[in-house]
Amino acid sequence: MALCDEHFLTWVINQTERSIRKYDMFTHEDRVLIAVSGGKDSLALWDVLNRLGYQTAGFYVNLGIDDETAYSSKSYQLAVDFAQKYNLKLHAFQVDKTYGATIPEMAALSRRSKNKTCSICGLVKRHSFNKFAMENGFSVFVTGHNLDDEVAVLYNNTLSWQLDFLRRQAPVLPAKPGLIKKAKPFCRFYERETAAYALLRGIEYIEEECPYADGSTTIAIKTILNQLEHNHAGTKLAFYLKFLKAKPELFPQLGESLVPQDLLFSCPGCQQPTPKEGDCAFCRLISEVQTKKMAK
Ligand code: Q46
Ligand code: ZN
């Protein structure tokens, strides 16, 4: 599509609203909590939802990634600046203040081996988002994942036939006891489209990648998919949309909601749902980190 700046911005707003309605993500009555990282996708999403008149607040998790890149400090400041500019509420949470260690410190102390920093970071973020949203009366939690992110995950999970992860991939995950509803209103936009939106709207965002993103599998997969897209335009969108269409046939046991309704246990430590009986992965990580810190 060849659109002028003004029509492109309107198109992004309209397409986002279409996705929100199509996938039954939320309504104007919902209190929407947005995961804000200071990057282009989350800030562009916050901007679009604000312009659409939804009740939003941002939630920033300070991971303590403050080596020579000062990634956390810079991204936090950009999130604060955006919230102030539009008079929006930004909640901030500092991992080391609550759990006694930053994400890189947790990775250094933990026994986990594979993709250590990112898997620990994901675990802590998922736990913190869910806890904050549930305790503060939000009805839905949204992230700025775009089509490139979704397709990279889909491709990776298909390569290794991770059926459990494939079953769970959807634009919306409904609420379950102890778990907030989650939605991805930008799941049908290419990354270049969210970047163009942020640029045209004059949104200042952190352009550097997190230093731990370097060399991750996701980046390698994105490179392959970009090559495919370059040779056959539309490959990514078709792969994602056809997967969503095929899901009822691939997983007939899912029923109408098309996402798993597994019975979950409640963690005795944090009361959040967990797939196995006993302490959840998050509580086990925190207790391991704190024990090792005390022993030092
Ligand atoms: S922030 Fe965290 Fe990402 Fe950085 S440590 Fe990895 S997971 S790369 S979205
Ligand atoms: Zn727990």
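This is a predicted model, so every value here is computed, not measured.

Engineer: Got a minute to help me understand the overall build of the chain in this structure?
Structural biologist: Check the secondary structure of the chain and you find 12 helices and 8 strands. A compact globule built from 296 residues would reach a C-alpha radius of gyration of about 19 Å, and the chain, at 19 Å, matches this within 12%. Summarising its shape, the C-alpha atoms of the chain cover approximately 60 × 45 × 40 Å along the three principal directions. Counting all 296 residues of the chain, 46% fall into the buried class. If you take every contact in the chain between residues at least 6 apart in sequence, the share linking residues at least 24 apart comes to 74%. Counting 36 positive and 33 negative side-chain charges, the chain places the centres of these two groups 5 Å from one another.

Engineer: Looking at this structure, I do not really get the sheet that holds strand β3 (residues 90–94). What am I missing?
Structural biologist: In sheet architecture, strand pairing relies on hydrogen bonds along the backbone and comes in two forms, parallel and antiparallel. Taken together, 6 strands build an open sheet; the order of strands is β3-β2-β1-β4-β6-β5 and the sheet is mixed. What marks the edges here is a single partner per strand, and that holds for β3 and β5 (172–173). Where strand β1 (residues 31–35) lies against strand β2 (residues 55–62), 5 bridges are found, and the strand directions are parallel. Residue pairing for β2: Ile34 is matched across the bridge by Gly58. Its contacts with the sheet place helix α2 (residues 40–51) against β1, β2, β3 and β4 (140–142), and it is angled at close to 160 degrees to β1. Strands β1, β2, β3 and β4 of the sheet are contacted by helix α6 (residues 116–135), whose axis makes an angle of about 140 degrees with β2.

Engineer: Mind showing me how you'd approach helix α10 (residues 217–231) here?
Structural biologist: Three- or four-residue spacings in an α-helix give side chains the same orientation, since the helix completes a turn every 3.6 residues. With 15 residues, α10 should reach 21 Å at 1.5 Å per residue; the first-to-last C-alpha distance of 22 Å fits that figure. What α10 keeps buried is the set Ile221, Lys222, Leu225 and Glu229. Along the axis of α10, the buried positions cluster into a sector of 105 degrees, meaning they face one direction only. Exposed and facing more than 90 degrees away from the buried side of α10 are Thr223 and His230.

Engineer: How should the packing of aromatic side chains be read in this particular structure?
Structural biologist: What describes a pair of aromatic rings is the distance from one ring centre to the other and the angle between the planes of the rings. Evaluation of the coordinates by the stated rule reveals 15 aromatic pairs. Ring-pair connections join several aromatic residues into one group, and the members of that group are Phe59, Phe93, Tyr99, Phe129, Phe132, Phe138, Phe141 and Phe282. Its guanidinium or amino end placed over the ring of Phe138, Arg31 lies 4.1 Å from that ring's centre, counting from NZ or CZ. Against the face of Tyr190 rests Arg192, its NZ or CZ located 4.7 Å from the ring centre.

Engineer: Looking at this model, I keep getting lost on the site of ligand 1. Mind explaining?
Structural biologist: Neighbouring ligand 1 are the residues Leu63, Cys118, Cys121, Lys125, Cys210, Tyr212 and Ala213. Counted by class, the shell around ligand 1 contains 6 nonpolar, no polar and 1 charged residues.

Engineer: Mind showing me how you'd approach the pairing of β1 here?
Structural biologist: Strand residues, when the strand is regular, have side chains that alternate between the two faces of the sheet. Buried residues dominate β1, accounting for 4 of its 5 residues. In this view, the connection linking β1 to its parallel neighbour β2 by way of α2 has right-handed handedness. Sheet topology note: the β1/β4 ladder contains 3 bridges and is parallel. Of the residues in β4, the one forming a bridge with Ile34 is Val142.

Engineer: How do you make sense of the packing of helix α7 (residues 147–159) against α10 when you look at a structure like this?
Structural biologist: For any two helices packed against each other, the geometry is given by the interaxial angle and the distance between the axes. Here α7 crosses α10 at 100 degrees, and the two axes come no closer than 9 Å. The pairing of α7 with α10 is recorded here as roughly perpendicular in orientation. Contacts between α7 and α10 pair Asp148, Asp149, Val151, Ala152, Tyr155 and Asn156 from the former with Thr217, Thr218, Ile221, Lys222, Ile224, Leu225 and Asn226 from the latter. Among the residues forming the contact of α7 with α10, the class breakdown is 6 nonpolar, 4 polar and 3 charged.

Engineer: How do you make sense of the pattern of salt bridges when you look at a structure like this?
Structural biologist: Inspection of the entire model under this criterion finds 12 salt bridges. Put simply, Arg21 and Glu17 hold a salt bridge, and the shortest N to O gap is 3.3 Å. In this pair, Arg21 and Glu17 are both assigned in helix α1 (residues 5–22), 4 residues apart and thus about one turn of the helix distant. Residue Glu17 is classed as buried on the basis of its relative accessible area of 14%.

Engineer: Mind showing me how you'd approach the coordination of the zinc ion (ligand 2) here?
Structural biologist: Geometry reference: four tetrahedral donors at a metal, ideal angle 109.5 degrees. Six octahedral donors, ideal angles 90 or 180 degrees. Every protein donor of the zinc ion (ligand 2) is listed here as Cys267 (SG), Cys270 (SG), Cys280 (SG) and Cys283 (SG), and their distances to the metal cover 2.3 Å. One can describe the site at the zinc ion (ligand 2) as tetrahedral: its 4 donor atoms subtend angles covering 107 to 111 degrees at the metal. Read in sequence order, the donor residues coordinating the zinc ion (ligand 2) give the pattern C-x2-C-x9-C-x2-C. Taken together, the positions of Cys267 in the loop between β7 (265–266) and β8 (273–274) and Cys283 in helix α12 (residues 281–295) put the pair 16 residues apart, joining distant regions of the chain.

Here is what the cut-offs are and how they apply
- Residues numbered from 1 in each chain as written.
- Chains lettered and ligands numbered in written order.
- Predicted model: local features only at pLDDT ≥ 70, side-chain atom pairs only at ≥ 80, totals over all residues.
- Heavy atoms only, no water.
- Helix = DSSP H or I, 4+ residues; strand = E, 2+ residues; numbered from the N terminus.
- Rg over C-alpha atoms; globule rule 2.2 N^0.38 Å.
- Buried < 20%, exposed > 50% of the residue type's maximum accessible area, 1.4 Å probe, protein only.
- Contact = heavy atoms within 4.5 Å.
- Lys, Arg positive; Asp, Glu negative; His and termini not counted.
- Charge placed at Lys NZ, Arg CZ, Asp CG, Glu CD.
- Pairing = 2+ DSSP bridges.
- Axes fitted to C-alpha atoms, helices over the stretch in contact; angles between N-to-C directions.
- Expected span 1.5 Å × (residues − 1).
- Arc of directions from axis to C-beta.
- Phe/Tyr/Trp six-rings, centres within 6.5 Å; stacked < 30°, edge-to-face > 60°.
- Lys NZ or Arg CZ within 6 Å of the ring centre and 35° of its normal.
- Near = heavy atom within 4 Å.
- Nonpolar A, V, L, I, M, F, W, Y, C, P; charged D, E, K, R; others polar.
- Right-handed = clockwise from strand over helix to strand, strands pointing away.
- Parallel < 35°, antiparallel > 145°, perpendicular 65-115°, else oblique.
- Salt bridge = Lys/Arg side-chain N within 4 Å of Asp/Glu carboxyl O.
- Donors = N, O, S within 2.8 Å, 3.2 Å for Na, K, Ca; no water.
- Tetrahedral: all angles 85-135°; square planar, octahedral: opposite > 155°, others 65-115°.

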